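Residues per chain, in single letters:
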Amino acid sequence: MPAFPVFLFAQHLRLSTKQKGVFIMNSLVILLIAAVALLGGYMLYGRFLAKTWGIDPKAKTPAYLHEDGKDYVPSSKLTVFAHQFSSIAGAGPVQGPILAAVFGWVPVLLWLLVGGVFFGAVQDFGSLYASVKNDGKSIGMIIEKYIGKKGRRFFSLFCWLFTLLVIAAFTSMVSSTFNGFTAAADGTVTMNYNGAAAATISMLFIAAAMVFGLLQKRFSMKEGVKAVVAIVLLAVMFALGMKLPWYLTASQWNFVVMAYLFAASVMPMWLLMQPRDYLTTFMLLGMIIGAFFGVLFAHPDMNLNAFNGFAVTAANGSVSYLFPTLFVTIACGAVSGFHSLVSSGTSSKTIRNEKDMLFVGYGAMVLETLLGVLSLIIVGAVAVNGNVPDGLTPFQIFSAGVAGFLESFGVPNSAANVFMTMCVSALALTSLDSVARIGRMSFQELFTYEGEGEAPAWQKLFTNKYFATAVTLVLGYILCLGGYQNVWALFGAANQMLAALVLISIAVFLKATGRKHAMLYFPMTVMLFVTFTAIILNVIGNVKAFAAGTGTFLVNGMQLIVACFLIVLGVLVAVTCIRKLVSTVAEKRAEA
């Protein structure tokens, strides 16, 4: 019988076990399901979008039309893919699924797969496609072209506020992970070697990136030589960091991270950010390979509960609802508005052939979704009594889980734990320096002088890169004082609202250029509904905190102000874009 070999295979892999009357799913099955679903989405739906919208392999891309050796540089498909993936795959796909796992592994897995294939990858590919078809313009400039300057200004302000939330959430996460001291329930404080060593390595990583940047500037190195130099630098800084751990508190690390972000935002790209991205790619590959093979060979049981209900009560008594909390918490692993800024901001300027766009835009997103699934599997492997372990950051949970897998291959647990902590922290810092730079440029763009003659003194000040960077980081720092647990939901909501606004903008572009766009209506409508609900609930929660006398201005007050601005700007951008979309439809019908 055909089913018999399948049954034997299932028994051999131990696809599920039964404990106390409950079936426990094996993680390898989850990984296989995810891989098949994501590959199928790329091969079927991704190719359908490319065929429907139209790809012209003979067309000259912006990389050739505006080649300048700086921003517009024709690059190979793999080179652009590496840049796209390393830029978008920050801390989100690790942190989001782990935080959302309180609802159970089944809803997290479902939203990762559905969101990744039909929401996130569509937005990433769509924004890359729209940019390449518009001379490599950013999403903001595309909005100005098809919708108007008012829409672009609203969008720029929304983007700037969004960057504040990213800075707050990721800075708090990194500082908590680097914290060199751990406090027990009885008040006893112990030194946290893993966090301190990972922090040292991460700081040395910044110095190594600058050295690598200078070497690239001074010498013309071939790809093979560059790879060898990069790996040697990584090995040296890892060895030094293991020997010289820096013990600082989380609060002290907040200031260190902010100082780094200021430098990264104003320094030349070639000196720090570009070599850092290159080095990070090796760390990212090491992290994913370690996690993938760990799951493949260890294939641990999924110890999380399958479903914990539509409402979950936290230890402090607060209640989180599946809708909309799950969707905005998972964030980057399923759909992320930030990705559109990368697709249209940098990747579109290096695509050498339009046929590469599907692989870069859609492919990078489904691979990030797979990383989100791996994070879910890892937290499931270390779950306690069906729940996420308490007292650890998502980075620490991920690192400890993968370290446990690698230990079975003979790798010392401490070394593996420090290495994985260093990898996920490096990803977070990579996202942080990119977002800080984007935030600075968005702030400058808001006050760009468009009149004749010399700009007023105040406008010169507000467009000064040092002033713009300082304002952005100070406000981001204030928001991070509330802790990543409090900021993450608002960040996720803003991130996905940005995705909704980008989807609407892409729909306007497609309609204006005579391309089919109806497939965007469902994801953009769902994301608008989810994100507006989440942000309104955030406002209600902060108002209740003040009413109960537990709210503080630096935490609840700042979040309340930002949330209200996001609601107003979201409505303004959405209404402006939808009006243009409707008017464009009416114009097309009139022409017919």
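Just so we're clear, the structure is a prediction, and the values are computed from it rather than from any experiment. (Residues numbered from 1 in each chain as written. Predicted model: local features only at pLDDT ≥ 70, side-chain atom pairs only at ≥ 80, totals over all residues. Heavy atoms only, no water.)

Colleague: What is the right way to look at the side chain of Thr531 in this model?
Modeller: In this structure, Thr531 sits in helix α21 (residues 521–547). A relative accessible area of 0% places Thr531 in the buried class. With sequence-adjacent residues up to four places away left out, Thr531 is seen in contact with Ala493, Gln496 and Met497. (Helix = DSSP H or I, 4+ residues; strand = E, 2+ residues; numbered from the N terminus. Buried < 20%, exposed > 50% of the residue type's maximum accessible area, 1.4 Å probe, protein only. Contact = heavy atoms within 4.5 Å.)

Colleague: Sorry if this is basic, but what is going on with the packing of aromatic side chains here?
Modeller: The description of an aromatic ring pair uses the distance of the two centres, along with the angle that the planes make with each other. In total, this model carries 33 aromatic pairs according to the counting rule given. Judged by centre distance (5.1 Å) and plane angle (70°), the rings of Trp111 and Phe119 are edge-to-face. A relative accessible area of 3% places Phe119 in the buried class. Each ring, one from Phe181 and one from Tyr247, has its centre 6.2 Å from the other, and the planes form 50°; the classification is tilted. Of this pair, Phe181 sits in strand β3 (residues 181–183) while Tyr247 sits in the loop between α10 (223–243) and α11 (250–266), and the two are 66 residues apart along the sequence. One residue, Lys77, lies across the ring of Phe359, its end atom 5.1 Å from the ring centre. Across from the ring centre of Phe219, 5.1 Å away, lies the NZ or CZ of Arg218, which sits over that ring. (Phe/Tyr/Trp six-rings, centres within 6.5 Å; stacked < 30°, edge-to-face > 60°. Lys NZ or Arg CZ within 6 Å of the ring centre and 35° of its normal.)

Colleague: Would you mind going over helix α7 (residues 139–146) with me for this structure?
Modeller: Given 3.6 residues to a turn, an α-helix orients residues that are three or four positions apart in the same direction. Every buried residue of α7 is accounted for by Ile139, Gly140, Ile142, Ile143 and Tyr146. Along the long axis of α7, the arc covered by the buried residues comes to 160°, so they all point the same way. (Arc of directions from axis to C-beta.)

Colleague: For this particular structure, what's the right way to read the pattern of salt bridges?
Modeller: Side-chain pairing between opposite charges can occur once the charged atoms of the two side chains come close. Tallied over the full model, the rule gives five salt bridges. For Arg152, the salt bridge is made with Glu144, and the minimal N-O distance between the two is 2.7 Å. Asp433 is the salt-bridge partner of Arg276, the closest N and O atoms lying 3.1 Å from each other. With Arg276 in helix α12 (residues 273–298) and Asp433 in helix α17 (residues 413–446), this residue pair connects regions lying 157 residues apart in the sequence. Residue Arg276 is classed as buried on the basis of its relative accessible area, which comes to 0%. Asp433 sits in the buried class, given a relative accessible area of 0%. Within the structure, one salt-bridge network assembled from shared partners comprises Glu144, Arg152 and Glu445. (Salt bridge = Lys/Arg side-chain N within 4 Å of Asp/Glu carboxyl O.)

Colleague: It is not clear to me how unusual backbone geometry should be interpreted in this structure. Could you clarify?
Modeller: Excluding glycine, residues mostly have negative phi values, and the peptide bonds linking residues are mostly trans. Each neighbour pair has its own omega, and for Phe323 with Pro324 the value is 5°, a cis peptide bond. Locating Pro324 in the fold gives a position in helix α13 (residues 322–330). Unusually for a residue other than glycine, Asp135 sits at a positive phi of about 60°. Here Asp135 shows up in the loop between α6 (105–132) and α7.

Colleague: Looking at this model, I keep getting lost on a nonpolar patch on the surface. Mind explaining?
Modeller: Among the surface-exposed residues, Leu285, Ile289, Phe293, Leu296, Phe297, Phe409 and Val411 lie close enough to one another that they form a single nonpolar patch of about 630 Å² accessible area. Looking at where Phe297 falls in the secondary structure, it is placed in helix α12. (Patch = residues over 30% accessible without salt bridge, like charges linked within 9 Å, V, L, I, M, F, W, Y side chains within 5 Å. Areas by Shrake-Rupley, 256 points an atom, 1.4 Å probe, with all protein chains shown as cover.)

Colleague: Please explain empty space enclosed by the protein as it appears in this structure.
Modeller: Using a probe with the size of a water molecule, rolled over the atoms, empty space left in the structure can be pinpointed. Counted according to the given criterion, the structure contains one cavity of 30 Å³ or more. Roughly 90 Å³ of volume is contained in the largest cavity. Elements with a contribution of two residues or more to the lining of the largest cavity: α4 (77–88), α5 (92–100), α8 (149–178), α17 and α20 (484–512). When residues in the lining of the largest cavity are grouped by element, the largest group, three residues, is from α8. Tallied by class, the residues present in the lining of the largest cavity amount to ten nonpolar, six polar and no charged. (1 Å grid on protein atoms, 1.4 Å probe; cavity = no way out; pocket = protein on both sides within 12 Å on 5 of 7 lines; lining within 4 Å. Points joined across faces, edges and corners; volume = space filled by probe spheres on them. Nonpolar A, V, L, I, M, F, W, Y, C, P; charged D, E, K, R; others polar.)

Colleague: In this structure, what is going on with the state of the cysteines? I would like to understand it.
Modeller: Disulfide: a covalent bond formed between the sulfur atoms of two cysteine residues. Applying the stated criterion across every chain, the model contains zero disulfides. Distance from the sulfur of Cys332, which forms no disulfide, to the nearest cysteine sulfur (Cys159) is 14 Å. You can see Cys480 has no disulfide; the closest cysteine sulfur is in Cys332, sitting 18 Å from it. (Disulfide = S-S within 2.5 Å.)

Colleague: What exactly am I supposed to notice about α17 here?
Modeller: In a regular helix each residue adds 1.5 Å, so 34 residues correspond to 50 Å; α17 covers 49 Å between its end C-alpha atoms and thus fits that length. Taking burial as the measure, the 34 residues of α17 include 28 buried ones, the bulk of the element. (Expected span 1.5 Å × (residues − 1).)

Colleague: I keep staring at the side chain of Gln95 and nothing clicks. Help me out?
Modeller: Its place among the elements puts Gln95 in helix α5. Not counting residues within four places of it along the chain, the set of residues in contact with Gln95 comprises Met173, Pro394, Phe395, Tyr484 and Trp488.

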